[in-house]
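Analysis of the macromolecular model
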Amino acid sequence: MTTVSTEFLSSQTLPPRTTSKRAWHRNPNTVVTCRNPVLNEDNPSKRRTNNNNKKAHPRVTSSDTRPQQYHDFRDTHHHMKALNRLCKTGKYTEALYFLEQMVKRGYKPDVILCTKLIKGLFTTKRTEKAVRVMEVLEQHGDPDAFAYNAVISGFCRSDRFDAANGVLLRMKNRGFSPDVVTYNILIGSLCARGKLDLALKVMDQLLKDNCNPTVITYTILIEATIIHGGIDEAMKLLDEMMSRGLQPDMYTYNVIVRGMCKRGLADRAFEFLRNLSTTPSLNLYNLLLKGLLSERKWEAGERLMADMIAKGCEPNVVTYSVLINSLCRDGKVGEAVQVLKVMKEKGLNPDAYCYDPLISAFCREGRVDLAIEFADDMISAGWLPDIVNYNTIMGSLCKKGRADAALNIFKKLGEVGCPPNASSYNTMFGALWSSGDKIRALGMVLEMLSNGVDPDRITYNSLISCLCRDGMVDEAIELLVDMESSEWEPTVISYNIVLLGLCKAHRIVDAIEVLAVMVGNGCQPNETTYTLLVEGIGFAGWRGYAVELAKSLVSMNAISQDLFKRLHKQNLFRA
């Protein structure tokens, strides 16, 4: 844990300095001498005498100069630039050392550069060093509210609100009045971490200190209140804000409309927007349109569009992408295509967010050729499909038994600047194995590993499933064991796949052992797990045991009565 100087965080003021603050000048302890420098003068045994009768030149020495590192601080501007350069290049630790050497030689630190250094050190999570900069600034320079705000902000980002509050108290004790920026930092950080109650207390303190809140202050609180306190409480804050003569800006309205829509109150958001005294922005209209259509309120969406156009707010690419996405979601792909056509006719260039839902919708409907056509159209429009688009198309081709076509696309992924990911390999592996081409399928796994693509849980489950389907259950179990030692621990799905393979092979004892291992590893069986086991025992000829097990599972609520009846109808329990 990072430690912080108790001196800086103490709310007590520093004792008065006995010496006045030094300006940017050379060290007063500097000594001027005319003595010639002698090599190894600190070591008498190695000292050499100078026999040359040359004229002596004055030499400047300093009582606190380090023998191995000497800095010439005669040019103040030069050193300020050097310190600034270190900050710009992110060498904050070196900058702190440089600063300490400067003040040791009597130079007064620049508050702007120190503030920049404080921010940099907090950003790189070097809290102790950031606090040290503030200590140097307090002891040798003139800190201002901006510097204190930087320290408070740094502590807030590190979730150290007690320390931030300590700096606030110290700031007051040293005669600095916190400004609205100081309080906004505290309020914003608390709200971002869900601590609305504490944020409201800071707001009370702000008012108590006769500091005037701004639109930003209220917008932060309104957004947090919508999330944690409810719409009605947020609207009270809006009323309070306006009673203080503060006019909400478009960001405030966006926060309110977005919050209402997320809570399923799109109708209320629509009413709120219609009652605004100012013309809503296009972004605000798009937010509300998305909220209405996500609740499938198409008529309200049409009214909103009409109101939007009547007020001279022409739809943009985002507006059309919201329409296309909502239409595709509701299965109205033909209408979505028409919207895309209208959009182009109006001179707007569709982006990836317009094409993505269309490609996915065509693949869902099995019209993969149209999906490929729109992907090509997307490329010609200047937008490259991402790996999700390609994986969707390849998956659709594989489902239609067109593994070779999918493989052709897969081979070109690197050429189009979209290298395959784990999902791409999983898709092709499953398709090739299912088509009987096991050699090429296993080659996919080897290629995946050689290209540095780490297998995920789906990769393991796909391999285990394919092995079990082909009766290679022992190999599947080995892979399951390997999975247990990987970063992808087996899930109930992984174990169920192996149980199904064992039960099909009538290896009931092994299946029970796998179940025991599963429970021992902390993986809770589900209804499918027990169903597989009961069916496996029954079909293996041990129907009496299957009946007893099923009855026990029903009494334990592990399986439902409906499932028990379905098993009975399968003649599973009949001799």
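Being a predicted model, the structure only gives us computed values, none of them experimental.

Thresholds applied
Residues numbered from 1 in each chain as written. Predicted model: local features only at pLDDT ≥ 70, side-chain atom pairs only at ≥ 80, totals over all residues. Heavy atoms only, no water. Helix = DSSP H or I, 4+ residues; strand = E, 2+ residues; numbered from the N terminus. Expected span 1.5 Å × (residues − 1). Buried < 20%, exposed > 50% of the residue type's maximum accessible area, 1.4 Å probe, protein only. Contact = heavy atoms within 4.5 Å. Salt bridge = Lys/Arg side-chain N within 4 Å of Asp/Glu carboxyl O. Phe/Tyr/Trp six-rings, centres within 6.5 Å; stacked < 30°, edge-to-face > 60°.

**Structural notes on helix α10 (residues 215-228)**
For α10, built from 14 residues, the straight-helix expectation of 20 Å at 1.5 Å per residue is met to within 8% by its first-to-last C-alpha distance of 20 Å. Turning to α10, its buried residues are Val215, Thr217, Tyr218, Thr219, Leu221, Ile222, Ala224, Thr225 and Ile226. At its buried positions, α10 is contacted by α8 (180-192), α9 (196-208), α11 (231-243) and α12 (250-262). Phi for glycine 230, located one or two positions after α10, is positive at around 110°.

**Some words on the pattern of salt bridges**
Going through the model one piece at a time under the given rule, you end up with 22 salt bridges. Glutamate 135 serves as the salt-bridge partner of arginine 132, at 3.4 Å between the closest nitrogen and oxygen. Separated by three residues within a single helix, arginine 132 and glutamate 135 lie in helix α5 (residues 127-140), roughly one turn from each other. For glutamate 135, a relative accessible area of 7% translates into the label buried. Put simply, arginine 507 and aspartate 510 hold a salt bridge, and the shortest N to O gap is 2.9 Å. Accessibility expressed as a relative area gives 25% for arginine 507, which makes it partly exposed. Of the residues examined, aspartate 510 reaches a relative accessible area of 27% and is grouped as partly exposed. What you see here is one network of salt bridges that share partners, running through Glu100, Arg132 and Glu135.

**Focus on the packing of aromatic side chains**
According to the stated counting rule, one finds seven aromatic pairs in the structure shown. When the centroid spacing of 5.4 Å and the interplanar angle of 70° are considered together, the rings of phenylalanine 122 and phenylalanine 155 count as edge-to-face. With a gap of 33 residues between them, phenylalanine 122 in helix α4 (residues 111-123) and phenylalanine 155 in helix α6 (residues 145-157) connect regions that are remote in the sequence. Residue phenylalanine 122 shares its accessibility class with phenylalanine 155, and that shared class is buried. Ring geometry for phenylalanine 429 and tryptophan 433: centres 5.8 Å apart, planes at 45°, overall tilted. One end of the pair is phenylalanine 429 and the other is tryptophan 433, both in helix α22 (residues 422-434) and four residues apart, which spans about a single turn. With respect to class, phenylalanine 429 is no different from tryptophan 433; both count as buried.

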